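Coordinate analysis (summary)
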Amino acid sequence: MLPAEYRHNSTCSPLAASGKYVLAGALYDGVTLVFDAETEKLVRVVPRPKDSVWWKSTAGAPAGETYLATVPNGDLYHYDIKKDQLSLVASALGQCERVVEKRYVHGISDQDYFLFDLKENKFLDRAPLAEAKDGMDIYTLTGAADGNIYGSTYIN
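Here goes a summary of the coordinates provided. (Residues numbered from 1 in each chain as written. Predicted model: local features only at pLDDT ≥ 70, side-chain atom pairs only at ≥ 80, totals over all residues. Heavy atoms only, no water.)

**Some details on the sheet that holds strand E10 (residues 104–109)**
Here is the rule: Should DSSP find at least two bridges between two strands, the strands are regarded as paired. Working definition: helices are DSSP H or I runs of at least four residues, strands are E runs of at least two. Numbering for both runs from the N terminus. Fitted lines through C-alpha atoms serve as axes, helices being fitted only where they are in contact, and the angles separating the N-to-C directions of these axes extend from 0 to 180 degrees.
Strands sit in the order E9-E10-E11-E12 across an open sheet of 4 strands; the sheet is antiparallel. The open sheet is flanked by strand E9 (95–100) and strand E12 (122–128), the only strands paired with a single partner. With strand direction ignored, the average angle separating the axes of adjacent strands in the sheet is 20°. In this sheet, strand E11 (residues 112–117) lies alongside E10 in antiparallel orientation, the contact comprising 6 bridges. Across the sheet, His 106 pairs through a bridge with Leu 115, a residue of E11.

So, in structure tokens, the structure goes:
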């Protein structure tokens, strides 16, 4: 059961798994809720930094850990779930998508792909992405009683 202060939120996004933990971003409060899948209990609430709007889960951490990036400023944090330890690993990267080998961050910043080296604290590569087209990516999917799966964009 969610604490009362989070029950008004109708949207938890994005969802991520890390070992026995499930993480859900509470959209309007900007916190990340951490559930223990074995006990089905809420075990942590990770508050967002005051200068951000919410957390975005970033793939690539070992089981029991996660990477969280702040939106909109793109600061990347490592979070050890069991120890409840949050530490800043890089600032102002952009939209962090995946961390590889606890070192390389793949992401998007200002319509550029980037590769950032956490050990060297520098960008290794930056390349423009193709020009954006009209339309949006699929934002959500849901199953229906007729057996079909329906999806939509965020706005439409």
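From this point, the discussion proceeds with the structure in view.
**Thoughts on the pairing of E11**
Threshold: A 1.4 Å probe rolled over the protein chains alone gives each residue an accessible area, and that area as a share of the maximum for its type sets the label: buried under 20%, exposed over 50%, partly exposed in between.
For E11, the buried fraction is high: 5 of the 6 residues fall into the buried class. Across 6 bridges, E11 lies against E12 in antiparallel orientation. Opposite Phe 116, over in E12, you have Phe 123 as the bridge partner. Here E11 hands over to E12 after 4 residues, with Asn 121 in that stretch at a positive phi of 55°.

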